[in-house]
Every structure is written in C-alpha cells, then in structure tokens.
Amino acid sequence: MNASPKLKTQGPGRPKDMEKRAAILDAAKSLFTQGGFAGTSMDAVAASAGVSKLTVYSHFGDKDNLFREVIRSHVQERLPDDLFDFTPGSDIRTTLTDIASRHAAMETNSESVGTFRAILSDCQSGGNPRFGRLVWEEGPARMHKLMQRLLEGAASRGQLDIPDVSRATTQLLALLKGDLLIRRLFGCEDCAVQFAEEVNANALAAVDMFMRAYSPRHVNV
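Since this is a predicted model, take the numbers as computed values, not measurements.

Colleague: Can you help me understand the overall build of the chain in this one?
Modeller: On a plain count of helices and strands, the chain comes out with 10 helices and zero strands. Starting at the N terminus and ending at the C terminus, the chain contains elements arranged as α-α-α-α-α-α-α-α-α-α. Looking at the chain as a whole, 38% of its 221 residues are labelled buried. At a minimum sequence separation of 6, the contacts of the chain that also span at least 24 residues come to 74%. As presented, the chain carries roughly 12800 Å² of accessible surface, and 53% of it is formed by carbon and sulfur atoms.

Below you can see the structure in the form of structure tokens.
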C-alpha cells in the first residue's frame, strides 16, 4: 500500500517568493545608496540578491517602482503608520517624543544620508528630477501628512492649542532636523557617540519647545 501523500501547510512558493522580495529590497537599498539611481542597474540588483533579472522585474515592475519601494520600506520600517495613531487619553508629549526620537535617528543614520547624497548627486548632474520627487513623496511629504493628522486630532481634543496645524507641523519637523542632517551630509560629526547623543537630545528639546508653544493656556480666574 502506498503511503498517503503529505498535506501542504503553506501555499506553493509563497515563503520563497517573500524571501526573494526581501533579498531584492536589501540588495537595492545597498546599491542605490552607493551608486545612486542612475548608477544602479537591475542586473546589479539581481546579481547582488542572487536572483534572475526576470524575478526582479516580476516583483517590482521597473527600476522606478523598485526605487520607490526601497524608500518606502526604509521609512516605514522606522516610522510605521500606526506610530501616529494617537488614542484619546494618551499623553501627547509621550507620543511626540517617541516619534521625534525615531525620526531623528532615521534622518541621520548612514543609510538615509547615503540616499540623500546619491539623490542630490543625480539631480545636480542632470538626473531626472522625478527621483528626488520620489524621495520627497515617500519621506518628508508622508511624514508631514501623518504628523499633521496626529496634531489635528490632539488639537480637536483640546490637548494642544494650534491655530495653523499645517504650519505647526512644518515647525516641529524643522526643529527635529536642527543642523544635524546637514552636518551628517557634510561629514562634520567629529565623534559618532557624541553625535548620537546630540541627535537624541535635539529630539527631546524639539518636543519640549513645541509643547511650550502649543500647550493650551489655562487662565486662573
């Protein structure tokens, strides 16, 4: 009597496909950071990921979309959408401090800075401006939208007093950046440990200043 066939517990090929997709994204992150958009080929991504070029195209369609997914993955790994889901009763300062610390660390890490350098180089050398727009849409523009939604919710519940939420969002994000990103871009941080401490201290100071500017004023009668 033949043995009964084993039942499959997972869909055919799906785990392997997800592993390949992750490998392609990891390879693309590294190569785009090193060589910029123009200097990175789909052949190079495929070779680095250990897959065929056809597999890269089947997962991402074209290089533009792969680049967008790389940027999206980089940002959302560090600042997922649900981080901005503020629930009633939560402390807005605590929520903002968590976001600020993560945002500051993401903005100044080597991968982000390498991407900024690559994009600026491409734009300066006559590269297509859409690459910079992709970074803007998936990074700063997305961050502004999520932060504005969070602040609008806090203001509607009386936890903040903000006449112009869009402007306040821009102010907070500018406070978080300080001069740290530009210093990192120019390679002007003298000590890595001291710089990391400064990044976190600047994030906390930014939230403190923002809260002092927009906390509701309670007038004693």
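Colleague: Explain the environment of G36 here, please?
Modeller: Take G36: it is sitting in the loop between helix 1 (14-35) and helix 2 (42-49). A C-alpha to C-alpha distance of 9.9 Å links G36 and F67, two positions 31 residues apart in sequence.

Colleague: I tried to follow the packing of helix 2 against helix 3 (residues 53-60) on my own but got confused; where do I start?
Modeller: In a packed pair of helices, the relevant descriptors are the angle between the two axes and the axis-to-axis distance. At a closest axis distance of 8 Å, the pairing of helix 2 and helix 3 adopts a crossing angle of 105 degrees. Considering their axes alone, helix 2 and helix 3 lie roughly perpendicular with respect to each other. Contact residues: M42, D43 and A46 in helix 2; K53, V56 and Y57 in helix 3. Classifying every residue of the contact of helix 2 with helix 3 by side-chain character gives four nonpolar, no polar and two charged.

Colleague: Honestly, the nonpolar core in this entry has me stumped. Any pointers?
Modeller: When a protein is soluble and globular, its nonpolar side chains tend to lie buried together. Counting residues in hydrophobic clusters, the biggest one holds 55 residues, and the most contacted among them are L66, F84, L96, M147, L160 and F210. Taken together, the elements giving at least two residues each to this core come down to helix 1, helix 2, helix 3, helix 4 (63-78), helix 5 (92-108), helix 7 (130-156), helix 8 (165-177) and helix 10 (192-214). Sorting elements by how many residues they give to this core places helix 7 first, with nine residues. In contact with F210, other than residues within four places in its own chain, are L96, L151, L160, I162, A168 and L172.

Colleague: Help me out: how do you make sense of the side chain of T55 in this one?
Modeller: Topologically, T55 is positioned in helix 3. Within the structure, T55 has its side chain in polar contact with the side chain of S52 (distance 2.9 Å).

Colleague: Quick question: what am I supposed to make of the environment of L150 here?
Modeller: Mapped onto the elements, L150 comes out in helix 7. Judged by relative accessible area, which is 2%, L150 ranks as buried. Residues L150 and L96 lie 54 residues apart in sequence; the distance between their C-alpha atoms is 9.2 Å. Once residues lying within four places of it in the same chain are set aside, the contact partners of L150 are F84, F86, I92, T95, L96 and I99.

Conventions adopted
- Residues numbered from 1 in each chain as written.
- Predicted model: local features only at pLDDT ≥ 70, side-chain atom pairs only at ≥ 80, totals over all residues.
- Heavy atoms only, no water.
- Helix = DSSP H or I, 4+ residues; strand = E, 2+ residues; numbered from the N terminus.
- Buried < 20%, exposed > 50% of the residue type's maximum accessible area, 1.4 Å probe, protein only.
- Contact = heavy atoms within 4.5 Å.
- Areas by Shrake-Rupley, 256 points an atom, 1.4 Å probe, with all protein chains shown as cover.
- Axes fitted to C-alpha atoms, helices over the stretch in contact; angles between N-to-C directions.
- Parallel < 35°, antiparallel > 145°, perpendicular 65-115°, else oblique.
- Nonpolar A, V, L, I, M, F, W, Y, C, P; charged D, E, K, R; others polar.
- Core = buried A, V, L, I, M, F, W, Y, C linked by side-chain atoms within 4.5 Å.
- Polar contact = N/O pair within 3.5 Å; in protein donor to acceptor, adjacent residues only side chain to side chain.

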